Amino acid sequence: MRKFTDPILAWYDANARDLPWRAPGATPWGVLVSEIMLQQTPVVRVLPVWHTWLERWPTPAALAAEPSGEAVRAWGRLGYPRRALRLHAAAQAIVDRHGGVVPDSHEALLDLPGIGSYTAAAVASFAFGQRHAVLDTNVRRVLARMVDGVEYPPKSQTRAEVTTAESLLPLDPPTAARWSVAVMELGALVCTARSPRCVDCPVLDRCEWQARGRPAYDGPPRRGQSYAGTDRQCRGRLLAVLRDAHGPVGKPALDVVWSDAIQRERALDGLISDGLVDPLDDGRYALPG
């Protein structure tokens with residue numbers, strides 16, 4: 001498969017973004033933090049939070065020593081704040097099980113709380129230069145077009161996609177790790193979801209989707225995620241009150257940020273159930289302690 005790997009690796013060498021978690025001095029902890037933050041969140045929003053986070057908590061031990069609520073507070077408006085709790089739990093496990101050092105074993109990474117198959121493979125590859133198939137949304141889209149000749153991959157990852165990704169991995173582990181991030185970058189910058197810049201693609205002449213005339217997607221409807229008026233937006237408003245407060249807040253401070261009482265109570269109950277909000281005995285609410 002060098003017809004794909006060589007030109008994409010050369011393209012990456014010339015076009016890769018200068019991102020701090022890719023820098024030679026990036027720590028495995030910095031890579032792990034970036035991978036959690038980048039899930040469903042664009043780089044431009046992650047960058048300032050990542051820098052602030054690593055300045056405050058440069059090691060897993062530094063984060064593990066703080067209450068989980070501080071992780072939620074520092075998460076800010078990145079969205080999906082349960083990721084902050086998972087990262088805090090992972091930091092505690094790294095301290096308890098691995099002496100505060102991010103493990104370099106794929107199996108040990110996968111055993112950390114909140115770390116799934118993608119994140120374990122990504123950290124093992126990008127932090128430790130190992131050979132693993134790393135399949136995020138961008139990579140799956142590139143492989144669907146380049147190899148399978150379809151515009152978009154299936155909604156859920158399939159075994160066939162993993163097999164394809166593994167077949168393309170260079171045998172040399174450091175090269176395989178660089179290949180994984182190169183394909184990811186190609187999907188982020190060129191082979192994008194809505195407006196792919198095919199003219200800039202280094203494998204344009206070898207792309208199966210291009211060879212078939214770029215057939216339009218004919219699978220199940222692809223619905224974009226709405227936000228305005230949703231429980232997610234309501235949860236975000238409630239959490240913002242608690243993040244900005246210097247201590248516990250009374251219920252009226254939460255009530256004023258969302259007019260629909262039924263939706264507001266449902267969202268608050270969900271935050272409590274998810275461990276993102278602590279209801280106190282005196283009727284006030286706080287971030288988890």
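Residues numbered from 1 in each chain as written. Predicted model: local features only at pLDDT ≥ 70, side-chain atom pairs only at ≥ 80, totals over all residues. Heavy atoms only, no water.

Trainee: Describe in detail the overall build of the protein, supporting the description with residues and values.
Mentor: Each helix and strand counted, the protein has 15 helices and two strands in total. Counting every position in the protein, which comprises 289 residues, the buried fraction comes to 46%. Counted over contacts in the protein with a minimum sequence separation of 6, partners at least 24 positions apart contribute 61%. Accessible area for the protein stands at about 14300 Å²; split by element, carbon and sulfur atoms hold 53% of it. In the protein, the 34 positive side-chain charges and the 32 negative ones have mean positions that sit 5 Å from each other. (Helix = DSSP H or I, 4+ residues; strand = E, 2+ residues; numbered from the N terminus. Buried < 20%, exposed > 50% of the residue type's maximum accessible area, 1.4 Å probe, protein only. Contact = heavy atoms within 4.5 Å. Areas by Shrake-Rupley, 256 points an atom, 1.4 Å probe, with all protein chains shown as cover. Lys, Arg positive; Asp, Glu negative; His and termini not counted. Charge placed at Lys NZ, Arg CZ, Asp CG, Glu CD.)

Trainee: With reference to specific residues and values, describe the environment of Val102.
Mentor: Along the chain, Val102 falls in the loop between α6 (82-98) and α7 (106-110). Measuring from C-alpha to C-alpha, the distance between Val102 and Ala91 comes to 8.6 Å, with 11 residues separating the pair along the chain. Residues in contact with Val102, not counting those within four places in the same chain, are Pro28, Trp29, Pro60, Ile94, Leu109 and Phe128.

Trainee: A description of the nonpolar core should follow, citing residues and the corresponding values.
Mentor: By size, the foremost hydrophobic cluster in this structure holds 49 residues, and its most contacted members are Trp29, Met37, Trp53 and Leu87. Contributions of two or more residues to this core are made by α2 (28-37), α3 (43-56), α4 (60-64), α5 (68-75), α6, α8 (117-128), α13 (231-244) and α15 (261-273). Formed by 29 residues, the second largest nonpolar core is a distinct cluster that contains Phe4, Leu169, Val181 and Val203. (Core = buried A, V, L, I, M, F, W, Y, C linked by side-chain atoms within 4.5 Å.)

Trainee: Report on the state of the cysteines, specifying residues and quantitative values.
Mentor: Following the criterion strictly, the structure yields zero disulfides and no others. No disulfide involves Cys191; its nearest neighbouring cysteine sulfur is the one of Cys201, lying 6.4 Å away. The thiol sulfur of Cys198 is not disulfide-bonded, and the nearest other cysteine sulfur, from Cys191, lies at 6.5 Å. (Disulfide = S-S within 2.5 Å.)

Trainee: Can you tell me about the packing of aromatic side chains, naming the residues and giving the values?
Mentor: Enumeration over the complete set of coordinates arrives at four aromatic pairs. On the numbers, 5.8 Å between centres and 85° between planes, the contact of Trp53 with Trp75 is edge-to-face. One end of the pair, Trp53, is in helix α3; the other, Trp75, is in helix α5, and 22 residues separate them in sequence. For Trp53, a relative accessible area of 1% corresponds to the buried category. (Phe/Tyr/Trp six-rings, centres within 6.5 Å; stacked < 30°, edge-to-face > 60°.)

Trainee: With reference to specific residues and values, describe helix α11 (residues 173-189).
Mentor: Helix length check: α11, at 17 residues, gives a terminal C-alpha distance of 24 Å against a target of 24 Å (1.5 Å per residue), a fit within 8%. Against the buried residues of α11 lie α1 (2-15), α8, α9 (137-148) and α10 (159-168). (Expected span 1.5 Å × (residues − 1).)

Trainee: Could you give an account of the pattern of salt bridges, naming the residues involved and the relevant values?
Mentor: For the coordinates displayed, the defined rule picks out 21 salt bridges. One salt bridge connects Asp200 with Arg197, and the closest N-O pair in it is separated by 2.9 Å. The structure contains a network of salt bridges with shared partners spanning Arg56, Glu66, Glu70 and Arg73. (Salt bridge = Lys/Arg side-chain N within 4 Å of Asp/Glu carboxyl O.)

Trainee: Which residues make up the side chain of Arg140, and what values go with them?
Mentor: Tracing the backbone through its elements, the reader meets Arg140 in helix α9. You can call Arg140 buried: its relative accessible area is 10%. Discounting chain neighbours no more than four positions away, the residues touching Arg140 are Leu135, Pro153, Pro154, Lys155, Ser156, Gln157 and Glu161.

Trainee: Would you mind going over the packing of α2 against α3 in detail, with residue names and values included?
Mentor: Running from N to C, α2 and α3 point in directions that differ by 140°, and their axes come no closer than 10 Å. α3 is crossed by α2, and the crossing has right-handed handedness. Taken together, the residues of α3 that come into contact with α2 (itself represented by Trp29, Gly30, Val33, Ser34 and Met37) are Val46, Val49, Trp50, Trp53 and Leu54. A per-class count over the contact of α2 with α3 returns eight nonpolar, two polar and no charged. (Axes fitted to C-alpha atoms, helices over the stretch in contact; angles between N-to-C directions. Left-handed = near helix turned anticlockwise from the far one by under 90°. Nonpolar A, V, L, I, M, F, W, Y, C, P; charged D, E, K, R; others polar.)

Trainee: Quick one: what's the story with unusual backbone geometry, residue by residue and with numbers?
Mentor: Of note, Gln40 is a non-glycine position whose phi angle comes to about 60°, a positive value. Inspection of the secondary structure assignment puts Gln40 in the loop between α2 and α3. Phi is positive for Arg214, which is not a glycine, with a value near 50°. Its place among the elements puts Arg214 in the loop between α12 (208-211) and α13.

Trainee: Describe α2, naming the residues involved and giving the relevant values.
Mentor: When you tally the buried positions in α2, you get nine out of 10 residues, the bulk of the element. Looking at the buried side of α2, the elements it contacts are α3, α4, α5, α6 and α8.

Trainee: Tell me about the packing of α5 against α6, and please be specific about residues and values.
Mentor: For any two helices packed against each other, the geometry comes down to the angle between their axes and how far apart the axes lie. It is the contact of α5 with α6, at a shortest axis distance of 8 Å, that shows an interaxial angle of 135°. Of the possible angle classes, the one that applies to α5 and α6 is oblique. When you trace α5 past α6, the crossing you get is right-handed. Together, Ser68, Ala71, Val72 and Trp75 of α5 and Arg83, Ala84, Leu85, Leu87 and His88 of α6 make up the contact between the two elements. Grouping the amino acids of the contact of α5 with α6 by side-chain chemistry returns six nonpolar, two polar and one charged. (Parallel < 35°, antiparallel > 145°, perpendicular 65-115°, else oblique.)

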